[in-house]
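# Examining the three-dimensional arrangement
Residue-level listing of the chains:
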Amino acid sequence: MANYSVRNQVAIISLCSPPVNALSSDVRRGILDSLKKAEQDVKVAAIVICGEGRTFCVGADITEFKSEFKTFPNLFELVDILESSPKPIVAAIHGHAFGGGLEVALACHYRVALSSAKLALPEVKLGILPGAGGTQRLPRLIGIDSSMQWIAFGDEYSAQIAANIGIIDRIFPSNADILESAVQYAQSIIGKSLINRRVSKLPVKDASKVSHIMEKYKQIVGKKSRGAIAPMVCLEAIKHAALLPYVEGMKKERMGIEALMGSDQSKSLIYMFFAERQVRNWTIPGTGINSKNTKPIKVEKVAVIGLGTMGRGIVLSLLKAGIKHVSVMELNKTARENGLLFIKNILEGYAARGTISETQKRSMVDALKPVSNFEMLKDTDLVIEAVFESMSIKKDIFAKLGQVCKPSAVLATNTSALDVDEIAMVTPKPKQVVGMHFFAPAHVMKLLENVRGSKSSPQVIATAMNMGQRMGKVTVLVGNCHGFVGNRMFRHYTVETDFMLEEGAYPEQVDTVLKKFGFAMGRYQVGDLSGNDIGYRMRTKFEMTNKQQPPGAPERER
Ligand SMILES: CC(C)(COP(=O)(O)OP(=O)(O)OC[C@H]1O[C@@H](n2cnc3c(N)ncnc32)[C@H](O)[C@@H]1OP(=O)(O)O)[C@@H](O)C(=O)NCCC(=O)NCCSC(=O)C[C@@H](O)CCCCCCCCCCCCC(=O)O
Ligand SMILES: NC(=O)c1ccc[n+]([C@@H]2O[C@H](COP(=O)([O-])OP(=O)(O)OC[C@H]3O[C@@H](n4cnc5c(N)ncnc54)[C@H](O)[C@@H]3O)[C@@H](O)[C@H]2O)c1
């Protein structure tokens, strides 16, 4: 679980727990045993801790949260043992140093990294806090303000940013050999004093401003993480780094993690973490066909038909995924102009915020290819249709696509609820047709429901799944039925909230309660965003509006 070797006075402790070197109890034990060997070996003058395989270390082993935290050495015990080592320890970071992985690195006396490495304390996204000294060491290295930014939101940062603020001591080019570079670095620091290298002993530079900074972040967290408990507990723990000696601060950190671990919010977020990964392993029930044995078709050119609410977000998702050729077809001139303007404005916003560079923005704008007739789609690899929710319009479009597109082209519909098989039947090759159901706004929402028609070929399904992952979506394969999965669930939610309106509540009152509960948007805000015509069209198609009833009849009488 941790391999040990010695090279030119430098002991190498390499974490070996594929795929991501999570700090299971065996790995922690392996590190401790190796450290003892290194300390006892008189020929060893410095130590390097690195990760084997694709990454340094992604943190505590989440699968062990329930059971094994009680095994010695616990992570918060291990970090103190590492820091107090009399021999200098260098953390050699490539891939990810996340969570407990970064906390181990913070306990080392030096940190070096490849420029491609990413660092984060993402525990808050699991509903907990960094519980191995992260809330106490990071402020001593980078101050309260930056620590609150890192820990309360859990975002990842590049090694270069981490170096700029003082976490990383030396950056190596992304193509360097991290171990070789770290060993040379370790040789260069042999004999140097460790007095200022033990982070827990350092003062917190901006400690006097803690109240002011705390207030600032309470406001931001209150808005950005409405309803979440962990971010506030993180802020409290960081505050203690400013006010208390390290040992006392650690006690507070411990109280924080004990309160959060096992909370309903944390359990749900951990469930979500694994569920989001599990859905990548799709399977077609009863066939043996699955994500492991099916290859996607190569997709370079994509087309989107319809530039309304959904089409424009889908186009943005494709551009962000790096697709270099995105044809857009929109019949209505105003909708076309508005759609293209919307896309360009969003890209401008990304560039202004630094999410993408100016060069990336220009290449995304260049990738946009407005087209005016179906002939122009003949060499497209994937077409995503996002026009009105009308079976006749969609059939008309798929019949045309079936005539002009190359035989290998994947033809996808973004229908909210219509029968994917019925749409597929108008094409000469129904096996090329699949549903790709995005959620509004499509460039923001992470969920993508891919709908498997009865004729969709495994390769076509693999292509839709792969494209979703390229777009960074949580991509779920579902069966073909009215409303698929998302909208079938959503329907019950809307029925209940509509009952509340019938009982006298205003839409804004319902929305206020839902937002207070933690929803990003209220149910009626979602209706306004998506367009209430979508629900109306779905209900009309299934005669849920019940023509016997006069207009305005309450939902429960229909
Ligand atoms: C790092 C990633 C961004 C990499 O992404 P990528 O897409 O490359 O890879 P995958 O996400 O697909 O991952 C591959 C594979 O690995 C699995 N996996 C990933 N991370 C972990 C993990 N941390 N643990 C276990 N398994 C992991 C993943 O599921 C995939 O598996 P599959 O089978 O699907 O192939 C990305 O992976 C990522 O973001 N990972 C999570 C990073 C993270 O959140 N890290 C923080 C972990 S929490 C932590 O570190 C806590 C520490 O701060 C300290 C804890 C000390 C606690 C001591 C306190 C004790 C108090 C106890 C109180 C008890 C109370 C009681 O008694 O009840
Ligand atoms: N709005 C949502 O929240 C949402 C969510 C998921 C899926 N959907 C589905 O996505 C599809 C589009 O929904 P929307 O909300 O974007 O609708 P929308 O009314 O905002 O946009 C549809 C666009 O398609 C254009 N169009 C119509 N016929 C066309 C044709 N033959 N060729 C080219 N363009 C044509 C229209 O001019 C319009 O601009 C629907 O099937 C809908 O059910 C919508």
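Residues numbered from 1 in each chain as written. Chains lettered and ligands numbered in written order. Predicted model: local features only at pLDDT ≥ 70, side-chain atom pairs only at ≥ 80, totals over all residues. Heavy atoms only, no water.

The following threshold applies: UniProt positions are given in the numbering used here, feature names are shortened, and annotations may be inferred rather than shown by experiment.
The chain goes by Peroxisomal bifunctional enzyme in an unreviewed UniProt entry, where it is assigned to Clavelina lepadiformis. What UniProt states about the chain under its Subcellular location (unreviewed entry) heading is, verbatim, "Peroxisome". The Pathway (unreviewed entry) field of the UniProt record for the chain holds the comment "Lipid metabolism; fatty acid beta-oxidation."

## Some points on the sheet that holds strand β6 (residues 110-114)
What counts, and what does not: DSSP bridges decide pairing: two strands pair if at least two such bridges lie between them. Where helices and strands are cited, they refer to DSSP runs of H or I of at least four residues and of E of at least two residues respectively, numbered from the N terminus. Geometry is summarised by axes, namely lines fitted to C-alpha atoms with helices restricted to the contacting stretch, and by angles between N-to-C directions that run from 0 to 180 degrees.
What the six strands build is an open sheet, ordered β1-β2-β3-β4-β6-β9; its pairing is mixed. Strands with a single pairing partner mark the edges of an open sheet, and in this sheet they are β1 (2-7) and β9 (170-172). Looking at each pair of strands side by side, their axes are set apart by 20 degrees on average, direction ignored. Where β6 meets β9, three bridges bridge the pair, whose relative direction is parallel. The residue bridging Leu-114 from the neighbouring strand is Phe-172, located in β9.

## Examining the site of ligand 2
Stated formally: Being near a molecule or strand, for a residue, means having at least one of its heavy atoms within 4 Å of it. Residues adjacent in sequence count toward polar contacts only when both atoms are side-chain atoms; beyond that, a polar contact is any pair of N or O atoms within 3.5 Å, and within protein one must be able to donate a hydrogen and the other to accept it. Each accessible area is a Shrake-Rupley estimate made with a 1.4 Å probe; only the visible protein chains count as cover when residues are assessed.
Every one of the 24 residues lining ligand 2 counts as a neighbour, but Met-310, Glu-330, Glu-389, Lys-394 and Ser-416 are closest to it. Met-310 has a polar backbone atom sitting 2.8 Å from an oxygen atom of ligand 2. At a separation of 2.6 Å, an oxygen atom of ligand 2 approaches a polar side-chain atom of Glu-389. About the coverage of ligand 2: the protein hides 89% of its 830 Å² of free accessible area. Secondary structure elements with two or more residues in the shell around ligand 2: α11 (309-320), α14 (391-404) and β17 (433-438).

## Considering the sheet that holds strand β7 (residues 118-120)
The condition that has to hold: The contact criterion used is simple: two residues touch if any of their non-hydrogen atoms lie within 4.5 Å.
Spatial strand order, β5-β7-β8: three strands in an open sheet with mixed pairing. If you trace the sheet from one side to the other, it starts and ends with β5 (96-98) and β8 (157-158), each paired once. Where β7 meets β8, two bridges bridge the pair, whose relative direction is antiparallel. Within the sheet, the bridge partner assigned to Lys-118 lies in β8 and is Ser-158. Here helix α3 (residues 100-107) sits on the sheet and contacts β5 and β7; the angle it forms with β5, its principal contact strand, is near 90 degrees.

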